[in-house]
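# Tertiary structure, described
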Amino acid sequence: MKAFSWKVACLLLSGWLLCGTSSCTSKSVNASTTGSAPAETAALTASSESDDPLTNLKKGNERFYSGNPIHIHQDAGTIRELTAGQHPHTVVISCSDSRVPPEIIFDQGLGDIFTIRTAGHVMSDFEEGSVEYAVEHLHSKLVVVLGHEHCGAIHAMLEHLNDDHVEGHIAAIVQALKNEPEEQVLLKGTCDNLPEQAILANIEHGVKQLRESDPILSKLYKEGEINIIGALYHLDNGQVEFLEI
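Described in the following lines is the structure provided in the data block. Source: prediction; values computed, not measured.

### Quick notes on the nonpolar core
Membership of the largest hydrophobic core comes to 35 residues, with the highest contact counts inside it found for Val91, Ile93, Val131, Val135, Val143 and Leu210. Leu57, Ile105, Val144 and Tyr233 belong to the second-largest nonpolar core, a separate cluster that totals 13 residues.

Following this line, the structure appears as structure tokens:
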């Protein structure tokens, strides 16, 4: 009986040791995989980045609309690095529409984009001053005026072309859009797709406004220190179309 018990005990001990070895091996593999994830992410991030800001935006948007975003610069390491300062490669002036967040649609992260957002991306001295700060002090090299399809501010302007019955401070936005020379030229003619053309005219106005903004932006643009371009976001597929203006 004692011999039998001893054999049973030995078998149980052997089984326990084998299970322990298997468990240790499993943990080791998991630890190795977990440890390599940050390195793989860093390599993927590095391969996706370029010295050209526009290339970064185009590649990021392609990742976004194709369903393969990598969410660069959204980790604890980036947070710590940015406490020393920021150097966004691009300034984006966009509509406040919740469907058009620049960092997401361009698959960028913390510290990459200096974002300025108003309804219809209408710009006054406050917004222009913010762009000046980004290009002068943060050394951003690219400025993008980003419009989008089905813009509510543009639709509000078109609904109130012949009246001024707009309540609250929204009236100031509608009036600013009405006063844009590009919109006035468009509205005097005939157009098959007025809302779409009005959105494009609004983007064109924003680009020209910044290119002609004295004394800082116009000088930097003419000297080739910065580039100021326009873009249109397509709500139906998530793609950004960069415009020739």
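### Topic: the sheet that holds strand β4 (residues 227–233)
Judged by pairing direction, the sheet is mixed, and its five strands sit side by side in the order β2-β1-β3-β4-β5 without closing on themselves. Looking along the sheet, the strands with just one partner apiece sit at the ends: β2 (113–118) and β5 (240–243). Between one strand axis and the next, the sheet turns through 25° on average, direction left out of account. Taken together, the five bridges between strand β1 (residues 90–95) and strand β3 (residues 142–148) define a ladder with parallel strand orientation. The partner of Val91 across the bridge, within β3, is Val143. Strands in contact with helix α5 (residues 125–136) are β1, β2 and β3; relative to β2, the strand with the most contacts, it is inclined by about 175°.

### Structural notes on the side chain of Arg211
Here Arg211 lies in helix α9 (residues 194–211). At 7.7 Å, Glu244 is the nearest oppositely charged side chain to Arg211, a buried residue that forms no salt bridge. In terms of polar contacts, Arg211 uses its side chain to reach the backbone carbonyl oxygen of Ile228, at 2.8 Å. Look past the residues within four positions of Arg211 in its chain and what remains in contact with it is Ser218, Tyr221, Ile228, Ile229 and Ile245.

The rules behind the values
- Residues numbered from 1 in each chain as written.
- Predicted model: local features only at pLDDT ≥ 70, side-chain atom pairs only at ≥ 80, totals over all residues.
- Heavy atoms only, no water.
- Core = buried A, V, L, I, M, F, W, Y, C linked by side-chain atoms within 4.5 Å.
- Buried < 20%, exposed > 50% of the residue type's maximum accessible area, 1.4 Å probe, protein only.
- Pairing = 2+ DSSP bridges.
- Helix = DSSP H or I, 4+ residues; strand = E, 2+ residues; numbered from the N terminus.
- Axes fitted to C-alpha atoms, helices over the stretch in contact; angles between N-to-C directions.
- Contact = heavy atoms within 4.5 Å.
- Lys, Arg positive; Asp, Glu negative; His and termini not counted.
- Salt bridge = Lys/Arg side-chain N within 4 Å of Asp/Glu carboxyl O.
- Polar contact = N/O pair within 3.5 Å; in protein donor to acceptor, adjacent residues only side chain to side chain.

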